[in-house]
Amino acid sequence: MFRAVSRAGSLLLRGSQVHYPRTWNREAQRCLSSGLPMNTVVLFVPQQEAWVIERMGRFHRILEPGLNVLIPILDRIRYVQSLKEIVINVPEQSAVSLDNVTLQIDGVLYLRIMDPYKASYGVEDPEYAVTQLAQTTMRSELGKLTLDKVFRERESLNANIVDAINQASDYWGIKCLRYEIKDIHVPPKVKEAMQMQVEAERRKRAMVLESEGTRESAINVAEGQKQAQILASEAERAEQINKAAGEANAILAKAKARGDAIRMLAEALTQQNGNAAASLTVAEQYVLAFSKLAKESNTILLPTNTGDISSMVAQAMGIYGKMTQQQLAQSSPTLSDGTMGTETQGQSQS
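Each value, and the rule that gives it
Residues numbered from 1 in each chain as written. Predicted model: local features only at pLDDT ≥ 70, side-chain atom pairs only at ≥ 80, totals over all residues. Heavy atoms only, no water. UniProt positions renumbered as here; feature names shortened; annotations may be inferred. Helix = DSSP H or I, 4+ residues; strand = E, 2+ residues; numbered from the N terminus. Buried < 20%, exposed > 50% of the residue type's maximum accessible area, 1.4 Å probe, protein only. Contact = heavy atoms within 4.5 Å. Areas by Shrake-Rupley, 256 points an atom, 1.4 Å probe, with all protein chains shown as cover. Pairing = 2+ DSSP bridges. Axes fitted to C-alpha atoms, helices over the stretch in contact; angles between N-to-C directions. Phe/Tyr/Trp six-rings, centres within 6.5 Å; stacked < 30°, edge-to-face > 60°. Lys NZ or Arg CZ within 6 Å of the ring centre and 35° of its normal.

- An unreviewed UniProt entry annotates the protein chain as Stomatin-like protein 2, mitochondrial of Xenopus tropicalis.
- What the UniProt record of the protein chain gives under Subcellular location (unreviewed entry) is the line "Mitochondrion inner membrane".
- Among the UniProt annotations of the protein chain, the heading Sequence similarities (unreviewed entry) holds the following wording: "Belongs to the band 7/mec-2 family."

Okay, structure coming up:
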C-alpha cells in the first residue's frame, strides 16, 4: 500500500516540473558561480545593500531595500554593493623616510560606498583600488617626514592619508572615513641607535635637572646669607641708635641732676652756717680721695703737707671765697664814687 502511494506521488511530481529555456539555465549557472542573486521576478533586497540592475546589458536602476519586481531574461542583477562601513587590512609594506631610514608599516582602512553606480562602473575592483591607493599614499607621506616625526606626528600622518585617498576615490563613489597605522617596524641597528639616543637624552635631562638644582640651592644660600647680613646690620644699627639714645638720655639726666645739685648747693650756701657745711664737705672729699691713693697706679705725686687737713680745707675755702667775690663783683652795681656798697664790702671782709 505504501509503495503504491509513493509511486503515484513521484509520477505526479514528474508531470508537474517546469521546463525553463536554456538561457534561464545559463543565467542561473552564472549567478551561482559569481555569488550574485538570481532574477526570480520577485526579489527582496536586504537593508544597507544596493543591487545594480542591467536591462539588456545596459544600466537600468538600483533596487531599493524591500520588495522589487524584475522582468525575467531582460533584467539581470549585475552588482551587489554593501552600504555598510567596510574594514580593509592594508598589508605591510616598506617605506623610506626623509632621513633615508627603511620602515615596515601596515595599517587599517575604514571606508564606505556612497554611490553604488560609481563604485560599480567607475573602477573594476573598488577595495583593491583603495588598498593600492592607501599604500602609495602612505609611502609618499612617509617620505616627507623624518623618523622621529613619524612617531610623533602619527595622527597628522593618518589625516593626510585620508585626505589624499578621498581626493582620488571621489570618482569611484567611495569615501574613506579614517586610516589607522597599526605597527611601525624599524631595522635592528636603527632601533639600537634610537635606544642609545633615548638613554643619552635621559642622562642629559638628569644632568640638566641636577645642575639646575645645584644652581637653585646656591641661589637660595646666597639669598639667605644676604638676608641674614641685612637683618644683622639693621639689628646693629637699631642697637647703636638705641644705645646712643640711651647715652644721650643718661647725659641729659646726669646734667639735669648735677644742675639740680648745684642749685641746691648754692641755695644751701646762702643759708646760715653754709660756709661750715662747705668746709665739712671738702674735708670729707679730701679724706675719701686720700684713701684711694696708690690703688690704680704705682706713681703718685703728693704735696709736702699731706697730713695737714686743716690747711687743705682752708686752701679750698680760700679758692671758693675768691670765686664768690668775683661773682658778687660782677653781679653787684658800682657806686657813683667808685666804691662798692656796704653789704658787698662786709661780705668781702668776712
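## Quick word on the overall build of the protein chain
Part 1: Across its full length, the protein chain carries 10 helices and eight strands.
Part 2: Across the 350 residues in the protein chain, those meeting the buried criterion constitute 21%.
Part 3: Taking all contacts inside the protein chain whose residues are at least 6 apart in sequence as the whole, residues at least 24 apart take part in 63%.
Part 4: When the accessible area of the protein chain is evaluated, it comes to approximately 25,700 Å², of which 56% is carbon and sulfur surface.

## Things to note about the sheet that holds strand 2 (residues 49–55)
Part 1: The three strands lie next to each other as 3-2-5, forming an open sheet whose pairing is antiparallel. The open sheet terminates on both sides in strands that have one partner only, identified here as strand 3 (58–63) and strand 5 (75–82). Shown here is a sheet whose adjacent strand axes are inclined to one another by a mean of 30 degrees, direction ignored.
Part 2: Direction of pairing for strand 2 relative to strand 5: antiparallel, over a ladder of seven bridges. Along strand 5, the bridge assignment pairs Trp51 with Val80.

## With respect to the sheet that holds strand 6 (residues 86–96)
Part 1: Read across the sheet, three strands follow the order 6-7-8 without closing on themselves; strand pairing throughout is antiparallel. Of all strands in the sheet, those bounded by a partner on one side alone are strand 6 and strand 8 (174–185). On average, adjacent strands in this sheet sit at an angle of 25 degrees to one another, irrespective of strand direction.
Part 2: As paired elements, strand 7 (residues 102–113) and strand 8 share 10 bridges and run antiparallel to each other.

## A short note on the packing of aromatic side chains
Part 1: The tally for this structure, following the rule as stated, stands at four aromatic pairs.
Part 2: Centre to centre, the rings of Phe59 and Tyr117 are 4.8 Å apart; their planes meet at 65 degrees, and the pair counts as edge-to-face. Residue Phe59 is located in strand 3, and its partner Tyr117 is located in helix 3 (residues 116–121); the two are separated by 58 residues in the primary sequence.
Part 3: The exposure class of Phe59 is partly exposed, given its relative accessible area of 32%.
Part 4: The interplanar angle of 45 degrees and the centroid separation of 5.1 Å between the aromatic rings of Tyr117 and Tyr121 together place this pair among those described as tilted. Remark: Tyr121 and Tyr117 occur in helix 3; sequence separation between them is four residues, near one turn of the helix.
Part 5: Here a set of aromatic residues connected by ring pairs shows up, and it is made of Phe59, Tyr79, Tyr117 and Tyr121.
Part 6: The positively charged end of Arg178 is found above the aromatic ring belonging to Tyr110, 4.3 Å away from the centroid.

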